[in-house]
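What follows is the residue order along each chain.
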Amino acid sequence: MLTSTYIHIPGIGKETERKIWSGGITTWNDFLQNKSSIKLPGSKKDKIAMEIENSIEKLEIRDIPYFAKSIPASEHWRGFRNFSDSVAYVDIETTGLSPSSSKITVIGVYDGKDVKSFVRGINLEEIVQEMEQYDFLVTFNGARFDLPFIQREFPQITMEQMHTDLMYPLRRIGLKGGLKNIEHMLGINRSEETEGMDGFEAVRLWKEYEKGKEEALDLLLEYNREDIVNLETILDITYERFVEHCYKGCTTHK
């Protein structure tokens, strides 16, 4: 979907992008090969073609900050397939809801193969090096919650990656509510140990762990692990629906 994107080009909005798609021109190569037949002013076509060539070069060298800055944050999901070989599904647990008065207790990172847990008082600081390894971040409500918490506690993390907060594209296809509700709608089940748990229970478990109950931390980490692993499952199930919704109304698309 990234190579079907035009809205990162200065002066090109969604209306022009959809006009291009409706003419059967969905990819950058389509545009370059069929430029003369596209129904846009010549000067605009020249500008788009020049920016497409630049975008192709940026993609070849994996210039992630370029795409992260030029594509609207709400559309970062379009880059997922291109950078899925360097993706991190991220979720945090905290002592409360405010980054200014609460603290992170756990950060979970899942790269599609392995889950890594970073725990306050054990190895939380290692998240700095870990986060820098990835080109693409996936969260749920992370734009308002997880990433602001992480950036406040670890301002040295540059956060130049592309990032899709799944909550928003999921809303566009009619999947609303919290993460657990969406899991339920998609038929994704939790383990018996974590079924029914929520953020408040996660706070309670951390307090129990601070009192010396190691098993409370084990359960908290399992809860966090399911959060991040399920993000991958949700994205796998819904990605093509994001694409279809994006093209909705266009007479021709691939």
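This is a predicted model, so every value here is computed, not measured.

### Regarding the packing of aromatic side chains
- All chains considered together, the criterion is met by 11 aromatic pairs.
- On the numbers, 4.9 Å between centres and 75° between planes, the contact of Tyr-66 with Phe-67 is edge-to-face. Taken as a pair, Tyr-66 and Phe-67 share a single burial class, namely buried.
- Arranged with centres 5.7 Å apart and planes meeting at 75°, the rings of Trp-77 and Tyr-239 form a pair that is edge-to-face. You can see Trp-77 sitting in the loop between helix H4 (64–70) and helix H5 (80–83) and its partner Tyr-239 sitting in helix H11 (residues 214–247), a full 162 residues away along the chain. Tyr-239 matches Trp-77 in its accessibility class, with the two residues each being buried.
- Lys-58 extends its terminal NZ or CZ atom over the ring of Tyr-66, reaching a point 5.4 Å from the ring centre.
- If you follow Arg-81 out to its NZ or CZ, it ends over the ring of Tyr-239, 4.2 Å from the centre.

### Quick notes on the domain arrangement of the protein chain
- Domains assigned within the protein chain are domain 1 (2–61) and domain 2 (82–241).
- Its C-alpha centre places domain 1 at a distance of 35 Å from the equivalent point of domain 2.

About the thresholds
For every chain, the first residue of the written sequence is number 1, and numbering continues from 1 onward in sequence order. Totals for whole chains, interfaces and linings use every residue, but because this is a predicted model, local features are given only for residues with pLDDT of at least 70 and side-chain atom pairs only at 80 or more, for both listing and counting. Note that the side-chain values use all heavy atoms of the structure and ignore hydrogens as well as water. Centre distance within 6.5 Å is the pairing criterion for rings of Phe, Tyr and Trp, where only the six-membered ring of Trp is used; planes under 30 degrees apart are then read as stacked, over 60 as edge-to-face, and the remainder as tilted. Only protein chains enter the accessibility calculation, which uses a 1.4 Å probe; a residue is then buried when its area is under 20% of its type maximum, exposed when over 50%, and partly exposed in between. Helix and strand definitions here come from DSSP, where helices need a minimum of 4 consecutive H or I residues and strands a minimum of 2 consecutive E residues; each element is numbered from the N-terminal end. Over a ring means this: the NZ of a Lys or the CZ of an Arg is within 6 Å of the ring centre and within 35 degrees of the ring normal. Reported domain spans reflect what an automatic or database domain assignment gives.

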